[in-house]
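Summary of structural features
Each chain, letter by letter, is given below.
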Amino acid sequence: MLTLRDVTIGFGGVTALDAVGFDVQPGQILGLIGPNGAGKTTLFNCITRIYQPNSGDIRWQGEDLLRVPAHHLPKLGIARTFQNLALFGGMSVFDNTMSGGSSQARIGATSGLVGWPPSRSRTKKLRAKAWELLERLDLVALADAPAAGLPFGTLKRVELARALMAEPKLLLLDEPAGGLTHSEVKALGELIVSLRDDYGFAALLVEHHMGLVLGISDHVVALDFGNKIFEGSPEQVKHDPAVIAAYLGRAA
């Protein structure tokens, strides 16, 4: 589904990514690991069109993604969660979830204001989809609560619900386990796999929690100082000398 070839980008003389490439297959969970500063989030930002690589190729189902504006990505089936939560604090959990379906609405300004039947029908479908996701992620009881002030683990699920509103074929997860307790991380891993099985999306997972990565990933790519140092199975990555030296540590 997603193909990266020789993706290279630098900032002020520092090479953040150096000819990085790999593929994401349909329905696959691919874990992207590496120490801080390895280039993981930079790679996410290239895929989601926040950054323009200096060179290389990124293709989505054969289409040149580097020619696609960032705001068109949800229509292509690409959604993202963020390392630092990007929810609307003053809005309810339900409205935050609904906001993720804006790319599916296809409602013109005039028809939306007038309330023509097509716009009412689409809005009804989006509301039904939002309720379905809130039920699926155990958030119905908090539907009317403002996002601000909710527990961090709950907010992670709200952001996940919002991303799933776009009906993604590829879900980019940027450190979803950050700030969660051990039991919350375990529950999150089970939830991600279950959602993948139910909705059929592929996932690109950036995460430092190795238990989560190795527990749910089908394939793993490791970066260090902008270079790809490993690609293979979760079992192989645990024993790779380059990954041990750069990231896991000898004791691990």
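Residues numbered from 1 in each chain as written. Predicted model: local features only at pLDDT ≥ 70, side-chain atom pairs only at ≥ 80, totals over all residues. Heavy atoms only, no water.

Per an unreviewed UniProt entry, the recorded name for the protein is ABC transporter ATP-binding protein, and the organism is Mumia zhuanghuii.

Details of the pairing of strand β4 (residues 55-60)
Where strand β1 (residues 2-11) lies against β4, 5 bridges are found, and the strand directions are antiparallel. Paired with R5 across the bridge in β4 is D57. Bridging between β4 and strand β5 (residues 63-64) involves 2 bridges; their strand directions are antiparallel. Each residue of the ladder has a partner; that of R59, found in β5, is D64. (Pairing = 2+ DSSP bridges. Helix = DSSP H or I, 4+ residues; strand = E, 2+ residues; numbered from the N terminus.)

Some details on the nonpolar core
Ranked by size, the top nonpolar core spans 46 residues in total, and within it I33, L160 and L171 carry the most contacts. Tallying contributions element by element places helix α7 (residues 152-164) first for this core, with 6 residues. (Core = buried A, V, L, I, M, F, W, Y, C linked by side-chain atoms within 4.5 Å. Buried < 20%, exposed > 50% of the residue type's maximum accessible area, 1.4 Å probe, protein only.)

Thoughts on the environment of D138
Among the secondary structure elements, D138 is positioned in the loop between α6 (117-136) and α7. Separated by 13 residues in the primary sequence, D138 and K125 place their C-alpha atoms 20 Å from one another.

Side note on helix α8 (residues 182-199)
Between the first and last C-alpha of α8 there are 26 Å, a value that for 18 residues agrees with the 26 Å anticipated at 1.5 Å per step. Here α8 has its buried residues at V185, L188, G189, L191, I192, L195 and R196. Projection of α8 onto a plane perpendicular to its axis shows the buried side chains occupying an angular sector of 165°, all on one side. Along α8, exposed side chains directed more than 90 degrees from the buried face belong to S183, K186 and D197. (Expected span 1.5 Å × (residues − 1). Arc of directions from axis to C-beta.)

Some details on the environment of G226
Checked against the element boundaries, G226 lands in the loop between β9 (219-224) and β10 (227-232). G226 gets classed as buried once you look at its relative accessible area, which sits at 0%. Between the C-alpha atoms of G226 and T8, which are 218 residues apart in sequence, the distance is 8.6 Å.

A look at the sheet that holds strand β3 (residues 29-33)
What the 6 strands build is an open sheet, ordered β6-β7-β8-β3-β9-β10; its pairing is mixed. This sheet does not close on itself; its edge strands, each paired only once, are β6 (78-80) and β10. On average, adjacent strands in this sheet sit at an angle of 15° to one another, irrespective of strand direction. Strand direction decides the pairing type here: β3 and strand β8 (residues 202-206), joined by 4 bridges, are parallel. Bridged to I29 within β8 is A203. This element, α7, spans β6 and β7 (170-174) of the sheet and lies at about 155° to β7. (Axes fitted to C-alpha atoms, helices over the stretch in contact; angles between N-to-C directions. Contact = heavy atoms within 4.5 Å.)

A look at the packing of aromatic side chains
Across all of its chains, the model carries 2 aromatic pairs by this definition. Consider the rings of F11 and Y51, whose centres lie 5.2 Å apart with planes at 65°: the pair is edge-to-face. In this pair, F11 is assigned in strand β1 and Y51 in the loop between α1 (40-47) and β4, connecting sequence segments 40 residues apart. Between the aromatic rings of F94 and W131, the centroid separation amounts to 5.0 Å while the plane-to-plane angle is 35°, which identifies the pairing as tilted. (Phe/Tyr/Trp six-rings, centres within 6.5 Å; stacked < 30°, edge-to-face > 60°.)

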